[in-house]
Amino acid sequence: MKKIYLSLLVLILPALAQAATAATQLEGSFKAGPAIILISILILFVMVGILFRAKDTNDFYAAGRGISRVGSGMAIASNWMSAASFLGMAALMYGSGYHGLAYVVGWTGGYVLLLILMAGQIRKYGKYTAADFIGDRYYSQTLRAVGAIIAILISISYCVGQFGGIGLLFKWVLGVDYNWAVLIGGTVVLAYTLISGMLGVTKNMQIQYIIIIISFLIPLFILSYKFDYFWLLPQIGYGSVVSDIVAGIPLNETNQLINSLGHEFAMVPSPEYAMPWDHAAGKTFFQWIAIAFSLMIGTAGLPHVIQRFYVVPKARDARWSVVWGLFFICILYWSAPVYAAFGKILAANPEVGNLAPDAIVVYTAQLGNLHPLIVGFLAAGGVSAAFSTVSGLLVAGASAFSHDLYVKVINPQASPKRQLLFARLGTVLMAIIVGVIALAKLALIGQLVAVAFSLAGCTIFPLFLLGIWWSGSNRSGAYAGLIAGALVSIIALSYFIAGKLGLTWPAHEFMDYWLGAWYFAWIGAPLSIIVNIIVSLMTKETPIEIRKFLVEKVHS
């Protein structure tokens, strides 16, 4: 058998190398080498999903609660490093320079909040989902249902950006129309999520993390070495690239910085690229802080992130899984700005044309004239990032639909088999809704994902923060706080959607600035918390059994 495998490998490798070294255009062509890599990785994901498929609801919702600390940390990192991290952060920094770092600070800081405030306590509480916690802690089936609906809406909002990333990369690899690329990629990720459940998805995430991080780092070392920057640690060496962008590159000063299209180029000085809130960048100090704050608290309120703490055996494991997850995440987060800086220089020549910012990671590797196999592996890493997050979101949304809405509210007598059926139906329904919205291309991937964070920060985060750390928060306070946060969210999103439809509402410019769709949680979350506290103090206190449970079980 080994001889057969070896013979096949000998036959396939020359064909693979020949296909991979074919000329690779920036847009519009089928790319054989990257396609082979992408298809191979997708087959691997489906096979892992089948091997570790969910056999019951415990596997589907919480992976049997048998994942190790490091394994869970890798899954957290993979689940977190979505298309918004892999593609979107570089896109934001490519377009707006230093301002884009607000997303790096916000998303990283959110995990520090989770580690300090929630990870161990959530695992000790012992519920499957965010809505399950809300319904039990605030002793209300209505709040459970509302929490489930919010979890589904957040998952859909987050998923839209991922489907957009999948569409861009499938379009780049296959040379097909964006709409077809979204449909093809969405169908594949839906198929393996349906088979896998949380158990198969978690196992896949561990593999996906390895693919993501290796594919992301290799081009950085090559680009830094090739263009004579400090390549031993590109995350530090790219500072010289930023200096070149700020100071400008005079014409014909060097022959080293030539892109794959043969362009020698010059750059006019762009000091605003490295300025925190330069007027030339069109961004302000308030917006930077509001984005970072909204993303931090939004991270601590995302249903699919919270749900990852249920897959480990104990509360201590939940805390350590966040530590490992933060370490694995930081490796990529320190690296994303490098692509933005190199992309800025390599795409500086006007003849390159307008490039889609969300695909600048792949374009940078191409313009740096890296081998097509390396570029293809990078694209496959981007697809892996989007797939790992989409699968986690679909499972979280399906869990809310099946476990929290159908079983806990509509039909408590449902058999495990029927629960699994409804979980899979919910997954299909979510994927269809997300696919339709993704086709509209409403904004950049990172911005679309930021909407989900602000929504989570205004609604779920206050309920978890007060529910865990203040026993005085009661059902009435939860209702009032949720209404306050939801109202801010509805106003902000209504103005955002109206703007996309070309409508101008009263005070549109004022609302667009102070309640931007990417950061409206800066006011929504504090308002929700304050209202919750005031109403809780004015109404009947939390039942004694819940306060006792918090003291003895959650904070012991």
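Residues numbered from 1 in each chain as written. Predicted model: local features only at pLDDT ≥ 70, side-chain atom pairs only at ≥ 80, totals over all residues. Heavy atoms only, no water.

Colleague: I tried to follow the packing of aromatic side chains on my own but got confused; where do I start?
Modeller: Any pair of aromatic rings gets described here by the distance separating the centres and the angle formed by the planes. Applying the stated criterion across every chain yields a total of 27 aromatic pairs. Seen from their ring centres, Phe-286 and Trp-514 are 4.6 Å apart, and the 50° between their planes marks the pair as tilted. Remark: Trp-514 occurs in helix 20 (residues 508-514) and Phe-286 occurs in helix 11 (residues 285-299); sequence separation between them is 228 residues. Accessibility expressed as a relative area gives 18% for Phe-286, which makes it buried. A centroid spacing of 6.3 Å and a plane angle of 85° characterise the contact between Trp-324 and Phe-327, whose relative ring orientation is edge-to-face. Residue Trp-324 and its partner Phe-327 are both found in helix 13 (residues 315-333); the two are separated by three residues, about one turn of the helix. Looking at Trp-324, the relative accessible area reads 32%, which means it is partly exposed. (Phe/Tyr/Trp six-rings, centres within 6.5 Å; stacked < 30°, edge-to-face > 60°. Helix = DSSP H or I, 4+ residues; strand = E, 2+ residues; numbered from the N terminus. Buried < 20%, exposed > 50% of the residue type's maximum accessible area, 1.4 Å probe, protein only.)

Colleague: Sorry, what's going on with the pattern of salt bridges here?
Modeller: Close approach of charged atoms allows side chains of opposite charge to pair. In the structure shown here, the tally under the stated rule is two salt bridges. Arg-144 is the partner of Asp-132 in a salt bridge, and the nearest nitrogen-oxygen pair spans 2.5 Å. Here Asp-132, found in helix 7 (residues 130-137), pairs with Arg-144, found in helix 8 (residues 141-174); they are twelve residues apart in sequence, far enough to count as distant. A relative accessible area of 8% places Arg-144 in the buried class. For Glu-541, the salt bridge goes to Arg-547, with nearest N and O atoms at 3.1 Å. Judged by its relative accessible area of 53%, Glu-541 falls in the exposed class. (Salt bridge = Lys/Arg side-chain N within 4 Å of Asp/Glu carboxyl O.)

Colleague: When you look at the nonpolar core in this model, what are you seeing that I'm missing?
Modeller: Looking at soluble globular proteins, one finds that nonpolar side chains tend to be buried together. In terms of nonpolar packing, the biggest core is built from 163 residues, with Trp-80, Trp-107 and Phe-464 touching the most fellow members. With 18 residues, the top contributor of residues to this core is helix 8. (Core = buried A, V, L, I, M, F, W, Y, C linked by side-chain atoms within 4.5 Å.)

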